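Here is how the chains run, residue by residue.
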Amino acid sequence: MGKVLIIGAGGVGTVVAHKVAQNPDVFTDIMIASRTQSKCDAIVNAIGNPNIKTAQVDADSVDELVKLFESFKPEIVINVALPYQDLTIMEACLKTGVNYLDTANYEPKDVAHFEYSWQWAYKKRFEEAGLTAILGCGFDPGVSGIYTAYAAKHHFDEIEYLDIVDCNAGNHHKAFATNFNPEINIREITQNGRYYENGNWVTTRPLEIHKDLTYPNIGPRDSYLLYHEELESLVKNFPTIKRARFWMTFGQEYLTHLRVIQNIGMARIDEVDYNGTKIIPLQFLKAVLPNPQDLGENYEGETSIGCRISGSKDGKQRTYYVYNNCSHQEAYKETGMQGVSYTTGVPAMIGAMMFMKGLWKKAGVWNVEEFDPDPFMEQLNKQGLPWHEVFDGNLEL
Ligand code: NDP
C-alpha cells in the first residue's frame, strides 16, 4: 500500500522495523534512518530482508530531513527517535507533504516538561496541507487512549473515573537500568506527580502517592502516581471524566538508585563544566548505564498495562478493566528486544497501518483516541498484544 520511513534505531525503532517488515502487504517499501546508520544496518541484518533501505540523518535538522524525505518519498514517517525531534520532523513533513506518527510528545531539551501545546499548534497547518499527524501511538500514550476510546464507544455512556495502570514485573538482573531511553525515562519519573480531578490539575511531590494494586498473573505491586502525557488529551476528549490518574510500579531497589542519582546531581539537565568541556550530567549517566536494547536476553517476567475505568451505562454504575500482559522473553524471541520496547513498537506499527489502510486518515493533528478504536483493537490481537477485559470487578481505586 505504501512507503514508510522509520526514524530512530533504538529499542523501539528495532521493534517497529520488525513489525513493519512482517506486514509487507501494507508496507511495500521500508527505510530506517537514524543518527548512526550502522545501527539501522544492524536492524536490517537482524530482520534478514536486504530490501529494507537505511540512511543517516540528523533529525534535529529540518534541511537534512527534507532532503531525505524528498529522495525516499514516504507516505508516512514513524518517529521513534527522541521527543526532542518531534517538531523538526513535523516541520519537514509539512514541507514535503508527508504524514506523521510518533509515540511521545515534544519536550524541549532544557526543561523536563510534557504538554501537547507545541504539537497541537500544528493542527491548522496539517489541516491546510491535507496531512495526517497521529500523536502518541505507543502503549502509554497510545494503547491507553485507544482502550479508553473503546470503553467509551462500547461499554459506557459516561466515563467518570480513569486510572491507567502500568506494571513492569520483569527482572533484567541488573542492579539498575531503565527500560527505555534513560534520559527520557529519568526526566519523566523525577518530575512532580499530577492528576486531574473535577476540572483541576492536582500536583504532588515526585512519587508521593502510592498504593498496592493487583496485576493479572503478577499479583500486588506498589504503584506510584505519576504525571503522564495522555492524561492531558484524554480529559479534553472525554469531558465527562471527573478524575484521571496514571500509576506505574517501581521496585525498592530501583527507587533507592534513583534517589542516589538525584542526590548526587546526576539527574541534572543543565550544563556543567567538566575539565573545560560542557556536559549534561543526565546525558553522561546515559552513556554509562546499561543500554536498554541489551536487556532483552536475560529479561524474565511480564509487563501488564491497562485502563481501570468506572462510570455509567444505561443508568447503572459499572467498572471495566482492559489490559495486556506482555512477556519479555516472547518479545525478545520475536524481535531481539525486551517487552517495554515491544509494547511501544507494535502499536506504532499498527497506527501506521491504520493510516495506510485509510482507516485513520484525516487532515490535522490528532491524539489516538480521536480515531475509531475498533480496527486498531482488532490488530492488537493479531500483532502480538492481545487484550483482556474484566467487567464489574474491584478496581482497587
Ligand atoms: P533509544 O534511545 O533506544 O533510541 C532513540 C534512537 O533515536 C536512537 O537510535 C538515536 O540514535 C536516535 N536519535 C536520537 N537523536 C537523533 C537525532 N537528532 N537524529 C536522528 N536520530 C536520533 O530510545 P527508545 O527506542 O527506547 O525510545 C524511542 C522513543 O519511544 C522515545 O521518544 C521514547 O520516549 C518513546 N517511548 C514511548 C513509549 C510509549 O509507550 N508511548 C514507551 C517507551 C518509549 P543514536 O543511536 O545514534 O543515539
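Data block above holds the structure.
Since this is a predicted model, take the numbers as computed values, not measurements.

Draft legend 1. Quick look at the pairing of strand 5 (residues 99-102). Every second residue of strand 5 is oriented toward a common face, with Asn99 and Leu101 on one face and Tyr100 and Asp102 on the other, all of them buried. Pairing of strand 4 (residues 76-79) with strand 5 involves 4 bridges; the strand directions are parallel. Following the sheet pairing, asparagine 79 is matched in strand 5 by aspartate 102. On the question of chirality, the crossover connecting strand 4 to the parallel strand 5 by way of helix 4 (residues 86-96) is right-handed. In the sheet, strand 5 pairs with strand 6 (residues 132-135) via 2 bridges, with the strands oriented parallel.

Draft legend 2. Quick peek at the pattern of salt bridges. On inspection of all chains with the given rule, the structure shows 16 salt bridges. Among the salt bridges present, the one from glutamate 91 reaches arginine 125, with a minimum N-O distance of 3.0 Å. With glutamate 91 in helix 4 and arginine 125 in helix 6 (residues 123-129), the pair connects residues that are 34 residues apart, well separated along the chain. If you follow the salt bridges from partner to partner, you end up with Lys153, Asp372 and Asp374 in one network.

Draft legend 3. Local environment of the site of the ligand. The environment of the ligand is formed by 29 residues, the closest being Arg35, Thr36, Lys39, Ala59 and Asn181. At 2.9 Å, a backbone N or O of alanine 9 approaches an oxygen atom of the ligand.

Draft legend 4. A look at the side chain of glutamate 230. Counting through the fold element by element, glutamate 230 comes out in helix 9 (residues 230-237). It turns out glutamate 230 is buried and unbridged, and the closest side chain with the opposite charge, arginine 194, is 11 Å from it. Of the polar contacts made by the side chain of glutamate 230, one reaches the side chain of serine 144; its length is 2.9 Å.

Draft legend 5. Highlighting the packing of aromatic side chains. Tallying each qualifying case throughout the model produces 15 aromatic pairs. With a centroid separation of 5.3 Å and 80 degrees between ring planes, the pair formed by tyrosine 106 and tryptophan 118 is classed as edge-to-face. Placement of tyrosine 106 in the loop between strand 5 and helix 5 (117-120) and of tryptophan 118 in helix 5 is noted, with a sequence separation of 12 residues between them. Here phenylalanine 139 and tyrosine 147 contribute two aromatic rings whose centre-to-centre distance is 6.0 Å and whose plane-to-plane angle is 80 degrees, an arrangement assigned as edge-to-face. One exposure class covers both phenylalanine 139 and tyrosine 147, and it is buried. Over the face of the ring belonging to tyrosine 321 we find arginine 308, whose NZ or CZ atom lies 4.4 Å from the ring centre. Sitting over the face of the ring of phenylalanine 371, lysine 362 holds its NZ or CZ atom 5.1 Å from the ring centroid.

Draft legend 6. Representation of helix 13 (residues 339-356) within the structure. In this model, helix 13 (18 residues) spans 26 Å end to end at C-alpha, consistent with the 26 Å of a helix rising 1.5 Å per residue. In terms of burial, helix 13 is a largely internal element, 18 of the 18 residues being buried. You can read the cap of helix 13 off the contacts: a side-chain oxygen lies 2.7 Å from the backbone nitrogen of valine 340, and it is on glutamine 338.

What counts, and at which threshold
Residues numbered from 1 in each chain as written. Predicted model: local features only at pLDDT ≥ 70, side-chain atom pairs only at ≥ 80, totals over all residues. Heavy atoms only, no water. Buried < 20%, exposed > 50% of the residue type's maximum accessible area, 1.4 Å probe, protein only. Helix = DSSP H or I, 4+ residues; strand = E, 2+ residues; numbered from the N terminus. Pairing = 2+ DSSP bridges. Right-handed = clockwise from strand over helix to strand, strands pointing away. Salt bridge = Lys/Arg side-chain N within 4 Å of Asp/Glu carboxyl O. Near = heavy atom within 4 Å. Polar contact = N/O pair within 3.5 Å; in protein donor to acceptor, adjacent residues only side chain to side chain. Lys, Arg positive; Asp, Glu negative; His and termini not counted. Phe/Tyr/Trp six-rings, centres within 6.5 Å; stacked < 30°, edge-to-face > 60°. Lys NZ or Arg CZ within 6 Å of the ring centre and 35° of its normal. Expected span 1.5 Å × (residues − 1).

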